[in-house]
Structures are given as structure tokens and as C-alpha cells.
Amino acid sequence: RHVRSASSKMAIGLDNAPLAFGLVFAAGISTALGAAAVFEQRIVKMASKPVLGAGLGFSGGVMIYVSFIEIFMKSQDAFEADGRSRDDAYMCATVTFFAGMLMLRLISVLVHMIDTDHHCACEEATVDLARESVNVAPLVGYAESSGGVDIAIPTEMPPATEASEAS
């Protein structure tokens, strides 16, 4: 059995459907297990900055790679649809990708030239100042005394600031 797509000239087989459903199920179970892991004290203690940083870096890299491959293939197909050969389409997609990277770098340099006080918000003092200016207290935090995760639910509204009164 084959299903034919209206926009595609190739027939798509359903032979791999059980594998696809199995992979989707595995991804869902992984998400549920990851969410449930915060209830185990030993796992929460392992969540140090280097471990979290490595995990976020890896997952971010996977997402960027998948996005890049999908966009690159669409770009190559568009160049082929415009009448270029497969090799020329690949070359055009590669050149436009690197031209886009160069353009983003030039924009970054221009922003820093125009606004010399433009700094990364990742500096500790800047993050603390931003948190204080919007009166946001962390709702979830790790409590050493109880040995688990405590959720603080505010019982009253924070005091109004000048910015919130103006709106």
C-alpha cells in the first residue's frame, strides 16, 4: 500500500509506520520520565550547572542541526525548481547559508557600534537587577533543609511599582 502526496512525485510507503509510532512513543515516555525525575532527591542533586549546561548545549545543538538540515534541503530544492542542476543548487544553498551567517555577524557588529552600552544579559549583576526591577520571585527552588523541591505559592500580590501603575 502506498499513499501518494499531491505535492510530491514520490510514493510514500507505510512499511515503516510501526517504527515511527514506536519512536514517537519512546519520545513521549522520555519526556514523562524526565519530568518525573525532579521528584527523586538523588537526581535533583546531580543537576549542577555543568550537567545542566551540557544537557542544554547538546539539545540545542540537535535542534539547530535538525532545523539546518530541513531548511538547507528546502533551499536546495527551490534552487533546483528554478532550473539549476543538482550540483549548482547545492552550491547556491551553501553560499546563501554562509552569506546569511556573515550578514548576522555584520548586524551584531553594527548593533555594538551603535549602542556601546549593549551588554550580554548573562552577567550576574545584570540578571539580579532585572529580577529586582520586575518583582519576580522564584516560584520553584531547591531547599537544602527539606531535601527536596519546594514550591512557594505567593499568598499576596507584590507591591506595585511605578511601571505597573502607569499601565
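Residues numbered from 1 in each chain as written. Predicted model: local features only at pLDDT ≥ 70, side-chain atom pairs only at ≥ 80, totals over all residues. Heavy atoms only, no water.

**Some thoughts on the overall build of the protein**
Scanning the protein from terminus to terminus reveals 6 helices and 4 strands. Each helix and strand of the protein, placed in order from N terminus to C terminus, yields the pattern β-β-α-α-α-α-α-β-β-α. Taking as baseline every contact in the protein between residues at least 6 positions apart, the subset at least 24 positions apart corresponds to 16%. For the protein, the exposed surface amounts to about 14500 Å²; the carbon and sulfur share of it is 68%. (Helix = DSSP H or I, 4+ residues; strand = E, 2+ residues; numbered from the N terminus. Contact = heavy atoms within 4.5 Å. Areas by Shrake-Rupley, 256 points an atom, 1.4 Å probe, with all protein chains shown as cover.)

**Concerning the packing of aromatic side chains**
By the definition in use, this model includes 4 aromatic pairs. With centroids separated by 5.5 Å and ring planes inclined at 75 degrees, the aromatic side chains of Phe72 and Tyr90 adopt a geometry described as edge-to-face. Within this pair, whereas Phe72 is found in helix α3 (residues 49-81), its partner Tyr90 is found in helix α4 (residues 86-114), the two being separated by 18 residues in sequence. Using a relative accessible area of 46% as the deciding quantity, one classes Tyr90 as partly exposed. Taking 5.1 Å as the distance between ring centres and 70 degrees as the angle between the ring planes, the aromatic pair formed by Phe97 and Phe98 counts as edge-to-face. According to the relative accessible area criterion, Phe98 is partly exposed, its value standing at 48%. Clustering of aromatic rings is evident, with ring pairs tying together Phe68, Phe72, Tyr90, Phe97 and Phe98. (Phe/Tyr/Trp six-rings, centres within 6.5 Å; stacked < 30°, edge-to-face > 60°. Buried < 20%, exposed > 50% of the residue type's maximum accessible area, 1.4 Å probe, protein only.)

**Structural notes on the pattern of salt bridges**
Applying the stated rule across the entire model yields 4 salt bridges. With its nearest N and O atoms 3.6 Å apart, the salt bridge here joins Glu70 to Lys74. With Glu70 and Lys74 both in helix α3, this residue pair falls 4 residues apart, about one helical turn. Classification of Glu70 as partly exposed rests on a relative accessible area of 47%. In this structure Lys74 comes out as exposed when scored by relative accessible area, which is 56%. (Salt bridge = Lys/Arg side-chain N within 4 Å of Asp/Glu carboxyl O.)

**Topic: α4**
Quick reminder: α-helices carry 3.6 residues per turn. Residues three or four places apart thus point the same way. An ideal rise of 1.5 Å per residue puts 42 Å on 29 residues; α4 measures up with 42 Å between its terminal C-alpha atoms. When we look at burial in α4, the residues that qualify are Ala89, Ala93 and Thr94. (Expected span 1.5 Å × (residues − 1).)

**Description of a nonpolar patch on the surface**
On the surface, Phe58, Val62, Tyr65, Val66, Ile69 and Met73 cluster together into a nonpolar patch covering about 580 Å² of accessible area. Mapped onto the elements, Tyr65 comes out in helix α3. According to the relative accessible area criterion, Tyr65 is exposed, its value standing at 54%. (Patch = residues over 30% accessible without salt bridge, like charges linked within 9 Å, V, L, I, M, F, W, Y side chains within 5 Å.)

**Quick look at the side chain of Gln76**
Note on placement: Gln76 falls in helix α3. Gln76 sits in the buried class, given a relative accessible area of 4%. For Gln76, the contacting residues outside a window of four places in its chain are Arg86, Ala89, Tyr90 and Ala93.

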